[in-house]
Amino acid sequence: MLCRSSPYSINLSSLLTDTCTIQNSQKRNDLSSPDSPEERLEVERCAFNNGQFPDSYLTTEPEYLHFWNEQRTGYIGYVQDGRYIHIVGGLIAPEEEKEELLRQICEFVAQNKLHTNFFSIPEHDLPLFKKFGFQATKFGENAILELKGHNWQGKPYSWVRRQVSFVSRQGIVGREILLDELTIDERTHAFERLQKMNEAQLSGRVLNHEIGLLEGKLYPDYFYRRRLFVAHPENEPDNWQAFVACTPMQGGLGWATEMYRSTDDSVRGVIPFLFVHLIDKMQAEGIEEVSLCMVPAIHCDKKYPGDSATTRFFLSLWEKRMNFLFSVQGLYHFKSRFRPRFESVFLCVKPKITNLSTFSFVKCVGVFQLSWKNLLRLCWPGKKTDS
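If you're wondering where the values come from, they're calculated on a predicted model, not measured in any experiment.

We now examine the overall build of the protein. Check the secondary structure of the protein and you find 10 helices and 12 strands. Residues classed as buried in the protein amount to 56% of the 387 residues present. Look at the contacts in the protein between residues 6 or more apart in sequence, and 73% of them connect residues 24 or more apart. Surface accessibility of the protein: about 18000 Å² in total, with carbon and sulfur atoms responsible for 54%.

As structure tokens, this is what we get:
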């Protein structure tokens, strides 16, 4: 049975079979056959039950490979670029089995002469990673909102209340779309609308695509137990002006606002309005926390013992001078409006960060796939860039 304590389930027939799993006994280029639907379900179930971070559930998406421990009770999800392994979501395993999973990973990468990069590791996990010889450098901060006793009263939340009040006066309402209750045609149409909204908003960015390793994607057949919230005029339920897709953590006790988009003509403030709607709904359900996800490169100028000075420099440069690529300052400012608790997260690398490992990360993120047209438009607003 699937997670009997959870109201969220999976339709097995929706699973696809076009990713690969690497077992810890295999060599680097010795890939197994594509996952069966049952194996895909195994990955999702483990991510749902044991994923602790906002990006843990991203490892269910098709571009990620999986390294399972010998007992197949835990795994890591990663993207491989030559000899460089970029791991998101942390150690996805029961707490008591994480150290053994990390030991098996270290043995595997040493045997195959791989270079290992873990992203978004919380500070309390650093002793474990340092025990196995990882170099830790601050990478950003995760925004966490504890829901127990939470309310929107008081001066700190005045901005949030103004957004909700204004959007409500425009006749906008929020609701959750229960995808499992839709027909096949309705579900297809729903994802077409979501993708259209997603592509329209991405089209204006310098990095006009989802940020590799840091952002999820809209895969209808890999949506699994994500939750979808939309905002629309009360008398026009099919006129979606914004959506938020949430990924589960900690067996459904926590959720992350992993992707949110709005239309160009949406009511101002519709995203914070929808955040408040879903946070209130989850609080009423007994959910313990909502993560507003990580802000990369923020407040990374502080030196930590044994960290990479070069990486610290470039992350600080990104925060202060390179927001045209991806506005980490704007992202931090927006999320801080909800008064979350910010926790430092770290890049843990073995043996250490190098120029080539940094180049591989930049490549996987998709920096080299930027839109020159949007960059020129940003640098010279009055200059025509259309051919």
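Still to come is the rest of the account.
This next bit is on the pairing of strand β8 (residues 227–233). In terms of burial, β8 is a largely internal element, seven of the seven residues being buried. By the bridge criterion, six bridges tie strand β7 (residues 172–177) to β8 in an arrangement that is antiparallel. The residue of β8 that forms the bridge with Arg175 is Val230. Two strands pair when backbone bridges link them, and β8 and strand β9 (residues 242–249) are joined in this way by five bridges, in the antiparallel orientation. Paired with Arg227 across the bridge in β9 is Cys246.

Take the pattern of salt bridges next. The final tally for this structure, using the stated rule, is 19 salt bridges. Here Lys363 ties to Asp81 by a salt bridge, and the two come within 3.0 Å at their closest N and O atoms. Taken together, the residues Lys363 in helix α9 (residues 355–365) and Asp81 in strand β3 (residues 75–81) connect sequence positions 282 residues apart. For Lys363, a relative accessible area of 42% gives the class partly exposed. Ionic pairing is found between Glu285 and Arg227, a salt bridge with its closest N-O pair at 2.8 Å. Of this pair, Glu285 sits in helix α6 (residues 270–285) while Arg227 sits in strand β8; the two residues are 58 residues apart in sequence, bridging distant segments of the chain. What makes Glu285 partly exposed here is its relative accessible area of 37%. Three or more residues joined by partner-sharing salt bridges are found here, namely Glu176, Arg227, Lys281 and Glu285.

For the pair helix α4 (residues 158–169) and α6, the least separation of the axes is 8 Å and the interaxial angle reads 100 degrees. Between α4 and α6, the angle is such that the two are roughly perpendicular. Contacts between α4 and α6 involve Trp159, Val160, Gln163, Val164, Val167 and Ser168 from the first element and Val270, Pro272, Phe273 and Val276 from the second. When the residues that make up the contact of α4 with α6 are grouped by side-chain class, the tally is eight nonpolar, two polar and no charged.

Counting residues in hydrophobic clusters, the biggest one holds 60 residues, and the most contacted among them are Trp152, Phe275, Met282 and Phe338. Apart from the residues lying within four places of it in its own chain, the contact partners of Trp152 are Leu145, Tyr157, Val160, Arg161, Val276, Ile279, Asp280 and Phe338. Core analysis: the second largest hydrophobic core is formed by 26 residues, Ile76, Ile121, Phe129 and Phe132 among them.

Cut-offs and rules
- Residues numbered from 1 in each chain as written.
- Predicted model: local features only at pLDDT ≥ 70, side-chain atom pairs only at ≥ 80, totals over all residues.
- Heavy atoms only, no water.
- Helix = DSSP H or I, 4+ residues; strand = E, 2+ residues; numbered from the N terminus.
- Buried < 20%, exposed > 50% of the residue type's maximum accessible area, 1.4 Å probe, protein only.
- Contact = heavy atoms within 4.5 Å.
- Areas by Shrake-Rupley, 256 points an atom, 1.4 Å probe, with all protein chains shown as cover.
- Pairing = 2+ DSSP bridges.
- Salt bridge = Lys/Arg side-chain N within 4 Å of Asp/Glu carboxyl O.
- Axes fitted to C-alpha atoms, helices over the stretch in contact; angles between N-to-C directions.
- Parallel < 35°, antiparallel > 145°, perpendicular 65-115°, else oblique.
- Nonpolar A, V, L, I, M, F, W, Y, C, P; charged D, E, K, R; others polar.
- Core = buried A, V, L, I, M, F, W, Y, C linked by side-chain atoms within 4.5 Å.

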